[in-house]
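One-letter residues, chain by chain:
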Amino acid sequence: MRHVEPSVPLKAPFTALTLPPPRFQLSRDSAANSEMTSISSRRLAKELKEIHSEGCPVGITLVKADDFATWWFTIEVMGESLYQNERYTLQFRFDSQYPISSPAVQFVVGEGMEAPIHPHVYSNGHICASILGNEWSPVLSVIAVCVTLQSMLASCKEKKPPTDNDRYVRTAPDNPKKTRFHYDDDTV
């Protein structure tokens, strides 16, 4: 597992004449963005209603969902595992493109909270998991992501950080979605 540095886009050559985009395009984009925000809000409201009515799976607890921008959960691995009796906090950040676009998910680090030591979890809380990247699907839910990460911890055979942890943490963006991870190890 390693991350790939974002490439710097090349600037187009300067041209003397630049025309603004047509007015109708701006309003269409604005309407589309408003529609996506509405879809995102409806989907998150539905997921939150299900969490409140059905509860969370064992070992997963909703901590905070005051709005449709950021939610916090705790996850704990049940049964015998390297992470037995350890509880971690996950932060989900949603943009207006959710569920088409995956949420930004990371373990909360600081104020007494730590990320688990795991080959796919960086010490800043960023998670290298394909379902948060190229294998994201709009059918996945927040709870499905929590269960997947809980399972990832439960199946781990050795507590060790990613091999490039120190370098990545020094240069990582605040938002883990801005990192292009290379997924080459699904055995941990």
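Scroll up a little and you will see the structure.
Nothing here was measured: the structure is a model prediction, and the numbers come from that model.

1. What to know about helix 2 (residues 142-154)
- The end-to-end C-alpha separation of helix 2 is 18 Å, in line with the 18 Å expected for 13 residues at 1.5 Å each.
- By the burial criterion, the buried members of helix 2 are Val142, Ile143, Val145, Cys146, Leu149, Gln150, Met152 and Leu153.

2. Brief notes about the environment of proline 57
- Locating proline 57 in the fold gives a position in the loop between helix 1 (23-54) and strand 2 (60-64).
- On a C-alpha basis, the gap between proline 57 and isoleucine 143 in space is 8.0 Å, while along the polypeptide they are 86 residues apart.
- Those residues in contact with proline 57 that sit more than four places away from it in its chain are Ile143 and Val147.

3. Some points on the pattern of salt bridges
- Scanning all chains against the criterion turns up seven salt bridges.
- We note a salt bridge from glutamate 76 to arginine 87, for which the minimum N-O separation is 2.9 Å. With glutamate 76 in strand 3 (residues 70-76) and arginine 87 in strand 4 (residues 87-93), the pair connects residues that are eleven residues apart, well separated along the chain.
- Given the relative accessible area of 16%, glutamate 76 is considered buried.
- The class for arginine 87 is exposed, based on a relative accessible area of 57%.
- Where lysine 159 meets glutamate 86, a salt bridge forms, and the shortest distance between an N and an O atom there is 2.6 Å. You can see lysine 159 sitting in the loop between helix 2 and helix 3 (165-171) and its partner glutamate 86 sitting in the loop between strand 3 and strand 4, a full 73 residues away along the chain.
- On the accessibility criterion, lysine 159 (35% relative accessible area) is partly exposed.

4. Examining unusual backbone geometry
- Residue proline 99 is bonded to the preceding tyrosine 98 through a cis peptide linkage, with omega at 10 degrees.
- With respect to the secondary-structure elements, proline 99 resides in the loop between strand 4 and strand 5 (104-107).
- The phi torsion at asparagine 85 lies on the positive side, around 65 degrees, for a residue other than glycine.
- Within the secondary structure layout, asparagine 85 lies in the loop between strand 3 and strand 4.
- For asparagine 85, a relative accessible area of 67% puts it in the exposed group.
- In this structure, glutamate 111 takes a positive phi of about 50 degrees despite not being glycine.
- Inspection of the secondary structure assignment puts glutamate 111 in the loop between strand 5 and helix 2.

5. Considering the pairing of strand 5
- What you see with strand 5 is no split at all: Ala104 and Gln106 on one side and Val105 and Phe107 on the other are buried throughout.
- One ladder, built from four bridges, connects strand 4 with strand 5; its direction is antiparallel. Within the sheet, the bridge partner assigned to phenylalanine 92 lies in strand 5 and is valine 105.

6. Regarding the side chain of threonine 74
- You can see threonine 74 is positioned in strand 3.
- Among the residues examined, threonine 74 registers a relative accessible area of 11% and is labelled buried.
- Leaving out residues up to four positions away in the same chain, threonine 74 has contacts with Gly59, Ile60, Thr61, Val63, Arg87, Tyr88 and Thr89.

7. Looking at the state of the cysteines
- Following the criterion strictly, the structure yields zero disulfides and no others.
- With no disulfide partner, cysteine 146 has as its closest neighbouring cysteine sulfur the one in cysteine 56, 7.2 Å distant.
- Given the relative accessible area of 0%, cysteine 146 is considered buried.

How each quantity is defined
Residues numbered from 1 in each chain as written. Predicted model: local features only at pLDDT ≥ 70, side-chain atom pairs only at ≥ 80, totals over all residues. Heavy atoms only, no water. Helix = DSSP H or I, 4+ residues; strand = E, 2+ residues; numbered from the N terminus. Expected span 1.5 Å × (residues − 1). Buried < 20%, exposed > 50% of the residue type's maximum accessible area, 1.4 Å probe, protein only. Contact = heavy atoms within 4.5 Å. Salt bridge = Lys/Arg side-chain N within 4 Å of Asp/Glu carboxyl O. Pairing = 2+ DSSP bridges. Disulfide = S-S within 2.5 Å.

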